[in-house]
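Each chain is listed here by its residues.
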Amino acid sequence: MAENGKAKYYALMEEMKTDILSGKIRPGEKLPSENQLSVRYGLSRHTVRKALGILAGDGYIESFQGKGTFCADVLRQIHGTGNIAVVTTYISDYIFPRLIQGIDEVLSDNGYSIILKNTGNSRQKEARFLEELISKGIDGLIIEPSKSELLCRHVSLYETLDKYQIPYIFIQGLYTEMQEKPHILMDDAGGGYLVTKHLLDSGRRNIAGFFKADDRQGIERHKGYVKALQEHEIAYDPDKVVWFHTEDRRKKPALMVRNMVRQNSFPDGIVCYNDQIAVQVMEELERQGKKIPEDVAVTGYDNSLYARQGQGITTITHPQEKLGEMAAKLLLEKLSGVPDEESKVERLIRPELIVRGSSVKTGI
């Protein structure tokens, strides 16, 4: 039998592991017997035994003949491991290689090694990696939260980091529940404002926006879009805003471009969440026979390699290496015990507009 797609023994193992990592079950605490656990969870002893076997194999619990089973001291943190974990949503493409390079340059100069993880913007993977890193021992953590606009389901794991005085720095996003935690962010609202204002100043008035709904960057860039419209006395029209999620980012933007053409409600400007979405939108525009920027001007965000190809995409700078360096320096301050009020590291990176051929004719 399985519950929610998981075998019962595995679901029990995960629940008990979470209780151990969160401190609900304390190091050295004696666990209930197999019979007691069977009654508590309504499971057979065989199922309970399989769950305990996995926990024992992973070092979370240990049994002593004649004494019982106890929670192992897996959360014992020996500072000075020399390991810093860096957890990002992606690694292999886009802005992340240079971001990691900036982190590595600062940390390696200070004698630290990086443990690199990528979540694929999955909150489930993020929680699993945090569990793994906590159990193995790290000196600090730099993390880009997964789907940062949604409530965090594993706050207890961050509380465990706090409990064992393992500093962590959020980059590019911040969970609502942890606004006071150390972070390095882009001024995404300011960036969204700049690209929208650029289109408005160039004479565009019917401007659509394509924004990601499940992370902080998308919400903030949308705020900048709205502010620029308001300043130019253009009424906000929710029908001109396309919201998409991580799971549908590869299909929905192009689909919505086709729908706009079919419904004959086409804008003369489109503000895109980032350069990747801008490329997708521009490719679909061309398939639909639209000329860029004559028929419609398009902007991106991040100044990635995508934005520098061909005629180029009007975009917002994303100083990837600088962001990585700032995060690493802030983490080093935390490792040294520097209080927030004495920090020398800026927390917000100001945006800069780069104008290219996707929004103005070549030579203009």
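A brief look at the structure comes next. No experiment lies behind these values; they were computed from the predicted model shown.

Notes on the nonpolar core
Move 1: Judged by nonpolar contacts, the single largest core of 37 residues is most densely connected at Ile142, Ile169, Ile184, Tyr225 and Val271.
Move 2: Counting only elements with at least two residues in this core, the list comes to β5 (83-88), α4 (96-109), β8 (168-171), β9 (183-186), α7 (188-201), β10 (207-212), α8 (216-231) and α11 (320-335).
Move 3: Take this core: its biggest share by element is seven residues, from α11.
Move 4: The residues contacting Tyr225, other than those within four sequence positions of it, are Gly192, Tyr193, Thr196, Ile207, Ala208, Gly209, Phe211, Tyr236, Lys240, Val241 and Val271.
Move 5: Membership of the second largest hydrophobic core comes to 36 residues, among which are Ala51, Leu52, Leu55 and Cys152.

Remarks on the side chain of Asp275
Move 1: Here Asp275 lies in helix α10 (residues 275-287).
Move 2: The buried charged residue Asp275 lacks any salt bridge, with Arg356 as its nearest oppositely charged partner at 6.4 Å.

Here we look at helix α5 (residues 123-136)
Structural remark: α-helix, 3.6 residues per turn; residues separated by three or four positions point the same way.
Move 1: If you check α5, its first and last C-alpha atoms are 20 Å apart, about what 14 residues at 1.5 Å a residue would give, namely 20 Å.
Move 2: Residues of α5 that are buried sit in contact with α1 (8-22), β5, β6 (113-118), β7 (140-143) and α6 (155-163).
Move 3: Looking at where α5 begins, the residue whose side-chain oxygen comes 3.4 Å from the main-chain nitrogen of Gln124 is Ser122.
Move 4: Positive phi shows up at Gly137, right after α5, with a value of about 100 degrees.

Quick look at the pairing of strand β4 (residues 68-71)
Move 1: Here strand β3 (residues 61-64) runs beside β4; their pairing, made up of four bridges, is antiparallel. The residue of β4 that forms the bridge with Ile61 is Cys71.

Regarding α10
Move 1: Over its 13 residues, α10 extends 18 Å from the first C-alpha to the last, a length consistent with the 18 Å expected when each residue adds 1.5 Å.
Move 2: Inspection of α10 places Asp275, Ile277, Ala278, Val279, Gln280, Val281, Met282, Glu284 and Leu285 among the buried residues, and these make up the whole buried set.
Move 3: Among the structural elements, β10, β11 (241-244), α9 (252-262), β12 (269-272), β13 (297-299) and β14 (315-316) are those in contact with the buried residues of α10.
Move 4: Its side-chain oxygen at 3.2 Å from the backbone nitrogen of Gln276, Asn274 defines the N-terminal cap of α10.
Move 5: Remark: Gly289 follows α10 within two positions and exhibits a positive phi of approximately 80 degrees.

Comments concerning the side chain of Thr88
Move 1: Within the secondary structure, Thr88 sits in strand β5.
Move 2: Taking the relative accessible area as the measure of exposure, Thr88 reaches 0% and is therefore buried.
Move 3: The contact partners of Thr88, leaving out residues within four places of it in the chain, are Phe96, Leu99, Lys117, Asn118, Thr119 and Glu144.

Observations concerning empty space enclosed by the protein
Move 1: Evaluated as defined, the whole model comprises one cavity of 30 Å³ or more.
Move 2: In this model, the largest cavity occupies a volume close to 40 Å³.
Move 3: Along the walls of the largest cavity sit Arg205, Ile207, Tyr225, Leu229, Ile234, Ala235, Tyr236, Asp237 and Lys240, which together make up its complete lining.
Move 4: Its residues placed into classes, the lining of the largest cavity shows six nonpolar, no polar and three charged.

Points about the sheet that holds β9
Move 1: If you walk across this open sheet you meet the six strands as β6-β5-β7-β8-β9-β15, and the pairing is parallel. Looking at which strands have only one partner, the edges of the open sheet turn out to be β6 and β15 (348-349).
Move 2: Packed on one face of the sheet, α6 meets β7 and β8 and runs near 140 degrees to β8.

Thresholds applied
- Residues numbered from 1 in each chain as written.
- Predicted model: local features only at pLDDT ≥ 70, side-chain atom pairs only at ≥ 80, totals over all residues.
- Heavy atoms only, no water.
- Core = buried A, V, L, I, M, F, W, Y, C linked by side-chain atoms within 4.5 Å.
- Buried < 20%, exposed > 50% of the residue type's maximum accessible area, 1.4 Å probe, protein only.
- Helix = DSSP H or I, 4+ residues; strand = E, 2+ residues; numbered from the N terminus.
- Contact = heavy atoms within 4.5 Å.
- Lys, Arg positive; Asp, Glu negative; His and termini not counted.
- Salt bridge = Lys/Arg side-chain N within 4 Å of Asp/Glu carboxyl O.
- Expected span 1.5 Å × (residues − 1).
- Polar contact = N/O pair within 3.5 Å; in protein donor to acceptor, adjacent residues only side chain to side chain.
- Pairing = 2+ DSSP bridges.
- 1 Å grid on protein atoms, 1.4 Å probe; cavity = no way out; pocket = protein on both sides within 12 Å on 5 of 7 lines; lining within 4 Å.
- Points joined across faces, edges and corners; volume = space filled by probe spheres on them.
- Nonpolar A, V, L, I, M, F, W, Y, C, P; charged D, E, K, R; others polar.
- Axes fitted to C-alpha atoms, helices over the stretch in contact; angles between N-to-C directions.

This is a description of form; function is not addressed.
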